Amino acid sequence: AQTVTQSQPEMSVQEAETVTLSCTYDTSESDYYLFWYKQPPSRQMILVIRQEAYKQQNATENRFSVNFQKAAKSFSLKISDSQLGDAAMYFCAYRITKNTGNQFYFGTGTSLTVIP
Amino acid sequence: SAVISQKPSRDICQRGTSLTIQCQVDSQVTMMFWYRQQPGQSLTLIATANQGSEATYESGFVIDKFPISRPNLTFSTLTVSNMSPEDSSIYLCSVRGQNANTGELFFGEGSRLTVL
């Protein structure tokens with residue numbers, strides 16, 4: 001079964017500090033893509049960062065970076081220098097490459113609070 | 001990226017009624033996807049809307065309950081029929097990005113339905 005687990009329903013971080021959101025997934029496929037999405041209170045889901053499973057190098061987008069451990073099937077998101085605007089629900093997701101349809105598998109989300 | 005507009009953004013509906021949600025994309029896309037996000041839960045794919053053919057429904061979702069239209073490559077509608085309080089959710093329209101490899105999803109702002 002294809003599953004995504006986010007074990008932290010809620011997290012909080014002090015403004016300007018660093019926080020790591022965890023994500024693990026289960027798939028028998030070897031080729032897939034991983035994503036972190038952000039859903040602020042306005043509800044629009046926004047892509048934060050993506051990682052190709054065949055790449056060993058961890059993806060980085062400004063203050064956002066991932067720690068991708070393929071053998072452990074772990075894909076955590078690190079947010080550095082946290083800002084108030086980072087407060088949102090964060091969803092981890094993946095899509096297997098051979099799937100020409102759209103089946104994305106989403107985790108249950110982590111609600112991040114940024115404390116001023 | 002794609003700009004996706006959904007309406008209504010929110011509505012309060014009476015039990016037994018039906019509501020149609022509209023989704024407009026700023027570019028032509030082959031597939032449009034409808035997701036449901038129940039309170040405090042992750043995203044569940046309802047169906048894939050293909051232009052020129054019937055929508056493809058995921059397990060647990062049926063056309064009679066969630067009829068979908070796809071009249072052209074930039075527009076789709078989802079109807080939630082004969083609503084009950086259990087249908088209270090956020091309904092999200094999404095499309096695949098232009099990157100054919102990673103295929104990340106882009107989302108509309110969602111339609112929050114409350115059924116009384």
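In the block above lies the structure referred to throughout.
Residues numbered from 1 in each chain as written. Chains lettered and ligands numbered in written order. Predicted model: local features only at pLDDT ≥ 70, side-chain atom pairs only at ≥ 80, totals over all residues. Heavy atoms only, no water.

1. What to know about the overall build of chain A
Link 1 in the chain: A tally of regular secondary structure across chain A gives zero helices and 12 strands.
Link 2 in the chain: Element order for chain A, N to C, with α for helix and β for strand: β-β-β-β-β-β-β-β-β-β-β-β.
Link 3 in the chain: What you see for chain A is a C-alpha radius of gyration of 14 Å, in line with the 13 Å of a compact globule of 116 residues.
Link 4 in the chain: Oriented by its inertia axes, the alpha-carbon framework of chain A measures out at about 45 × 30 × 20 Å.
Link 5 in the chain: When the 116 residues of chain A are sorted by exposure, 47% land in the buried category. (Helix = DSSP H or I, 4+ residues; strand = E, 2+ residues; numbered from the N terminus. Rg over C-alpha atoms; globule rule 2.2 N^0.38 Å. Buried < 20%, exposed > 50% of the residue type's maximum accessible area, 1.4 Å probe, protein only.)

2. Topic: the side chain of B:Thr79
Link 1 in the chain: Looking at where B:Thr79 falls in the secondary structure, it is placed in strand β8 (residues 75–80).
Link 2 in the chain: A polar contact is formed between the side chain of B:Thr79 and the side chain of B:Thr20, at a distance of 2.8 Å. (Polar contact = N/O pair within 3.5 Å; in protein donor to acceptor, adjacent residues only side chain to side chain.)

3. Observations regarding the state of the cysteines
All names here are of chain A.
Link 1 in the chain: This model, assessed by the stated rule, comprises two disulfides over all chains.
Link 2 in the chain: Two residues, cysteine 23 and cysteine 92, share a disulfide whose sulfurs are 2.0 Å apart. Linking cysteine 23 and cysteine 92, the disulfide has an S-S dihedral of approximately -70° and is accordingly described as left-handed. Here cysteine 92 lies in strand β10 (residues 88–96) and cysteine 23 lies in the loop between β3 (19–21) and β4 (24–26), a separation of 69 residues in the sequence. (Disulfide = S-S within 2.5 Å.)

4. Let's talk about the pairing of strand β3 (residues 19–25) of chain B
Residues and elements named next belong to chain B.
Link 1 in the chain: Residues Leu19, Ile21, Cys23 and Val25 point to one face of β3 and are all buried, whereas Thr20, Gln22 and Gln24, pointing to the other face, are not buried.
Link 2 in the chain: Both strand β1 (residues 4–7) and β3 contribute to a ladder of four bridges, which runs antiparallel. Pairing of serine 5 across the sheet is with glutamine 24, part of β3.
Link 3 in the chain: Summarising the sheet, β3 and β8 pair through six bridges and their orientation is antiparallel. Counterpart to threonine 20 in the pairing with β8 is threonine 79. (Pairing = 2+ DSSP bridges.)

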